[in-house]
Amino acid sequence: MKHLLSMTDLSHEEIIELLDMAADMKEKRLKGKVTDLLKNKSMGMIFEKSSTRTRVSFEVAMSDLGGHALYLNTRDMQLGRGETVADTAAVLSRYLYCIVARVYSHDTVKELAEHSAVPVVNALSDLEHPCQILADLLTIREYKNRLQGLKYAWIGDGNNVCNSAILGCALVGMEISVACPAGYEPDEDIVEQARKLGGKVTITQDPAEAAKDADILYTDVWISMGDEDEREKRLKELMPYQINSELVDLAMQDVIVMHCLPAHRGEEISADVMDGPHSVVFDQAENRLHAQKALLLKLMC
Ligand code: CP
Ligand code: NVA
């Protein structure tokens with residue numbers, strides 16, 4: 001693996017290896033064991049959009065591993081004043097060992113990778129969010145002790161996180177059922193890629209059908225970064241797709257409810273479910289740190 005732009009940059013074996021490494025990193029941190037495997041290595045983090053978890057977990061991951069992370073907001077970079085993505089990638093490659101980028105267009109991470117001599121990590125684009133799904137797979141494995149054969153139900157907007165979830169499920173042998181209104185379906189090419197990988201992907205407009213006997217119920221915000229102009233329309237059309245206690249009752253008794261966060265209680269998830277006994281959302285957020293440490297070691301060592 002040279003870059004992580006899409007979940008498909010990882011094989012089944014690489015995902016399992018990363019999850020094992022992440023579990024090891026997690027245990028070490030808990031025991032207060034420090035490693036400095038990335039000593040004297042610096043990583044740049046280009047952000048076109050806001051972030052809490054991704055920015056902080058990557059910064060802390062680098063610091064825990066003895067390295068250094070630079071937060072690069074595009075508003076403060078020459079990139080924001082017309083310097084090309086290609087020139088930026090070439091220049092940053094002369095200083096850094098890795099480039100993490102959160103961008104609007106997926107083409108931007110692709111272009112960065114094309115012109116970079118160091119690994120590029122997609123920290124969310126309009127098409128995918130692979131770092132989130134790595135952490136989520138770690139969380140699912142912690143709760144269910146397996147991945148293969150589970151039923152994952154995505155309820156709501158078939159967005160960037162959903163696209164990576166579809167590919168992630170295919171790569172680890174989980175069935176995924178996506179329930180969304182017409183017009184909110186996940187990317188067609190992604191669904192096709194997942195099916196080619198042997199993934200069982202169902203797209204339905206019926207949230208009850210997706211939630212039935214699910215081991216995992218997952219949702220994300222209805223208004224992703226960049227979708228703000230459609231706020232009223234999205235709230236109206238997605239309302240029947242809220243994860244609430246009625247939907248939880250249709251799933252397996254030990255269902256885990258997941259959300260990549262930030263959450264909007266009363267929109268994509270009801271407050272009682274978000275803060276209830278099935279919710280594992282803060283474990284997911286924590287696991288961003290451990291999964292990304294594993295990823296950084298794999299890319300930089
Ligand atoms: N889940 C996630 O990527 O959160 P941030 O937008 O806060 O980074
Ligand atoms: N789908 C959301 C995820 C935020 C972490 C967005 O792109 O804004």
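Just so it is clear, the structure is predicted and the values come from calculations on it, not from any experiment.

Let us now look at the confidence of the model for the protein. On average, the protein scores 98 in pLDDT, and the residues at 70 or more come to 100%. Scored as a whole, the predicted complex attains pTM 0.98, and scored at its interfaces, ipTM 0.99.

Further remarks concern the packing of aromatic side chains. What the rule picks out here adds up to 3 aromatic pairs. Geometrically, the ring pair formed by Phe47 and Tyr71 is tilted, given 5.4 Å between the ring centres and 40 degrees between the ring planes. Taken together, the residues Phe47 in strand S1 (residues 42–47) and Tyr71 in strand S2 (residues 68–73) connect sequence positions 24 residues apart. Ring geometry for Tyr152 and Tyr218: centres 5.6 Å apart, planes at 15 degrees, overall stacked. Of the two residues, Tyr152 sits in strand S5 (residues 151–155) while Tyr218 sits in strand S8 (residues 216–219), which places them 66 residues apart along the sequence. The pair formed by Tyr152 and Tyr218 is uniform in burial state, with each residue classed as buried. Clustering of aromatic rings is evident, with ring pairs tying together Tyr152, Trp154 and Tyr218. If you follow Arg55 out to its NZ or CZ, it ends over the ring of Tyr71, 3.5 Å from the centre.

A few words now on the site of ligand 1. Around ligand 1, the surrounding shell consists of Ser51, Thr52, Arg53, Thr54, Arg102, His129, Gln132, Cys260, Leu261 and Arg288. Within the side chain of Ser51, one N or O atom sits 2.7 Å away from an oxygen atom of ligand 1. Side-chain polar atom of Arg102 to an oxygen atom of ligand 1: 2.8 Å apart, as the coordinates give it. In the shell around ligand 1, the residues fall into 2 nonpolar, 5 polar and 3 charged. The two domains that each donate at least three residues to the shell around ligand 1 are domain 1 (7–128 + 288–300) and domain 2 (132–284).

A separate point is the sheet that holds strand S3 (residues 98–102). Across a sheet, strands are paired by hydrogen bonds formed along the backbone, either parallel or antiparallel in direction. With parallel pairing, 4 strands are arranged side by side in an open sheet as S2-S1-S3-S4. For this open sheet the edge positions go to S2 and strand S4 (120–122), each flanked by a neighbour on one side alone. Averaged over all neighbouring strand pairs, the angle between strand axes comes to 20 degrees, with direction disregarded. Summarising the sheet, S1 and S3 pair through 5 bridges and their orientation is parallel. If you follow Gly44 over to S3, its bridge partner there is Ile99. Contacts between helix H2 (residues 53–64) and the sheet are confined to S1, S2, S3 and S4, with S1 contributing the most and set at about 175 degrees to the helix.

What the rule picks out here adds up to 19 salt bridges. For Arg55, the salt bridge goes to Glu59, with nearest N and O atoms at 3.1 Å. Taken together, the residues span about one helical turn, with Arg55 and Glu59 both in helix H2 at a distance of 4 residues. Residue classification places Glu59 among the partly exposed positions, given a relative accessible area of 28%. The partner of Asp275 in a salt bridge is Arg265, with the nearest N and O atoms 2.8 Å apart. Here Asp275 is found in the loop between helix H11 (271–274) and helix H12 (281–300), whereas its partner Arg265 is found in the loop between strand S9 (256–259) and H11, with 10 residues between them in sequence. Because the salt bridges share partners, they merge into one network encompassing Asp157, Asp227, Glu230 and Arg234.

With parallel pairing, the 5 strands of this open sheet are ordered in space as S7-S6-S5-S8-S9. On the outer flanks of this sheet lie strand S7 (201–204) and S9, each paired with one strand and no other. For this sheet, the mean angle separating the axes of adjacent strands, direction not counted, is 20 degrees. Where S5 and strand S6 (residues 175–179) come together, 5 bridges link them in parallel fashion. Bridged to Lys151 within S6 is Glu175. Contacts between helix H5 (residues 130–144) and the sheet are confined to S5, S8 and S9, with S9 contributing the most and set at about 165 degrees to the helix. Docked against the sheet, H12 engages S8 and S9, running at close to 55 degrees with respect to S9.

Turning next to the site of ligand 2. Lining the immediate surroundings of ligand 2 are Leu124, Asn159, Asn160, Asp220, Val221, Ser224, Met225 and Leu261. Between ligand 2 and Asp220, the relevant distance is 2.7 Å, taken from a nitrogen atom to a side-chain nitrogen or oxygen of the residue. In isolation ligand 2 offers 270 Å² of accessible surface; the protein chains occlude 94% of this area.

Under the feature "domain: Aspartate/ornithine carbamoyltransferase Asp/Orn-binding" (unreviewed entry), the UniProt entry names residues 148–297. In residues 148–297, the share of helix is 41% and the share of strand is 15%. The end C-alpha atoms are 26 Å apart.

Basis of the calculations
- Residues numbered from 1 in each chain as written.
- Chains lettered and ligands numbered in written order.
- Predicted model: local features only at pLDDT ≥ 70, side-chain atom pairs only at ≥ 80, totals over all residues.
- Heavy atoms only, no water.
- pLDDT = per-residue confidence, 0-100.
- Phe/Tyr/Trp six-rings, centres within 6.5 Å; stacked < 30°, edge-to-face > 60°.
- Helix = DSSP H or I, 4+ residues; strand = E, 2+ residues; numbered from the N terminus.
- Buried < 20%, exposed > 50% of the residue type's maximum accessible area, 1.4 Å probe, protein only.
- Lys NZ or Arg CZ within 6 Å of the ring centre and 35° of its normal.
- Near = heavy atom within 4 Å.
- Polar contact = N/O pair within 3.5 Å; in protein donor to acceptor, adjacent residues only side chain to side chain.
- Nonpolar A, V, L, I, M, F, W, Y, C, P; charged D, E, K, R; others polar.
- Domains from an automatic or database assignment.
- Pairing = 2+ DSSP bridges.
- Axes fitted to C-alpha atoms, helices over the stretch in contact; angles between N-to-C directions.
- Contact = heavy atoms within 4.5 Å.
- Salt bridge = Lys/Arg side-chain N within 4 Å of Asp/Glu carboxyl O.
- Areas by Shrake-Rupley, 256 points an atom, 1.4 Å probe, with all protein chains shown as cover.
- UniProt positions renumbered as here; feature names shortened; annotations may be inferred.

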